[in-house]
Amino acid sequence: MRGAGAEPTETPMAISFQDLVIAFETVSWGEMGEMPAYLCRQSGKIYVQSDNDPELEELPDDVDNDEKYIQIPDKRELDLGKPLVMAFASEFLPDDFDKVRQMFSRRGAYARFNDLLDYRNMRQKWFDYRDKAEEEALRAWCKENSVEFAD
């Protein structure tokens, strides 16, 4: 939404990093663009759009104001999908790298990847690696977009 280097019109309110992580995970859960989320730079409030959840508030009318709101990225926008899997496989499953690459050339790749992780007893190592990479990427995105944390 907002280009790098653009300054918001008001001093942004610091937000909870954990709230941002929850919104990031929500946005990343479905298909790309299915559940967009927006951060209000002025209030620090996060809005999530969903046609399937009546509990969620309507998006503000001015959500397209790039100075006031910023759209929260999903995992694919931060290269945390297949590129992250391939980086993990290269580092921790080098003997299976070609197998993982082939898995991700077809549908159902994550199910087969999870089976391989279980077989190699690497599932927890993958979760730790993924979580660390997601946090680092999300913090870098925040820094790039002048999002500050209260915690």
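Residues numbered from 1 in each chain as written. Predicted model: local features only at pLDDT ≥ 70, side-chain atom pairs only at ≥ 80, totals over all residues. Heavy atoms only, no water.

Draft legend 1. Inspection of the overall build of the protein at higher detail. Counting secondary structure elements, the protein contains 5 helices and 3 strands. Starting at the N terminus and ending at the C terminus, the protein contains elements arranged as α-β-β-β-α-α-α-α. In the protein, which comprises 151 residues, the share counted as buried stands at 38%. (Helix = DSSP H or I, 4+ residues; strand = E, 2+ residues; numbered from the N terminus. Buried < 20%, exposed > 50% of the residue type's maximum accessible area, 1.4 Å probe, protein only.)

Draft legend 2. Region of interest: helix 1 (residues 17–29). Given a rise of 1.5 Å per residue, 13 residues ought to cover 18 Å, and the 18 Å separating the end C-alpha atoms of helix 1 matches this to within 8%. Listing the buried residues of helix 1 in full gives Phe17, Leu20, Val21, Ala23, Phe24, Val27 and Ser28. Seen end-on, helix 1 carries its buried residues on one side only, within an arc spanning 165 degrees. In this structure, the buried side of helix 1 is in contact with strand 1 (37–40), strand 2 (46–48) and helix 5 (123–144). For helix 1, the N-terminal cap is Ser16; the gap from its side-chain oxygen to the backbone nitrogen of Gln18 is 3.3 Å. (Expected span 1.5 Å × (residues − 1). Arc of directions from axis to C-beta. Contact = heavy atoms within 4.5 Å. Polar contact = N/O pair within 3.5 Å; in protein donor to acceptor, adjacent residues only side chain to side chain.)

Draft legend 3. The nonpolar core, seen in detail. If you look at the biggest cluster of nonpolar residues, it comprises 36 residues, and the most contacted ones within it are Leu93, Val100, Phe113 and Trp141. Elements with a contribution of two residues or more to this core: helix 1, strand 1, helix 2 (82–92), helix 3 (97–103), helix 4 (109–119) and helix 5. In this structure Val100 touches Val85, Met86, Ala89, Phe113 and Leu116, once residues within four positions along its chain are discounted. (Core = buried A, V, L, I, M, F, W, Y, C linked by side-chain atoms within 4.5 Å.)

Draft legend 4. Structural view of the pairing of strand 1. Burial along strand 1 is two-sided: Ala37 and Leu39 and Tyr38 and Cys40, pointing in opposite directions, are all buried. Where strand 1 meets strand 2, 3 bridges bridge the pair, whose relative direction is antiparallel. Note on strand 2: the bridge partner recorded for Ala37 is Val48. Linking two consecutive strands that pair antiparallel, namely strand 1 and strand 2, is a turn of 5 residues; a positive phi of about 80 degrees is found at Gly44 within it. (Pairing = 2+ DSSP bridges.)

Draft legend 5. Spatial organisation of the pattern of salt bridges. Summed over all chains, the structure comprises 10 salt bridges. Salt bridges sharing partners connect three or more residues here, namely Lys75, Arg130, Asp131 and Glu134. (Salt bridge = Lys/Arg side-chain N within 4 Å of Asp/Glu carboxyl O.)

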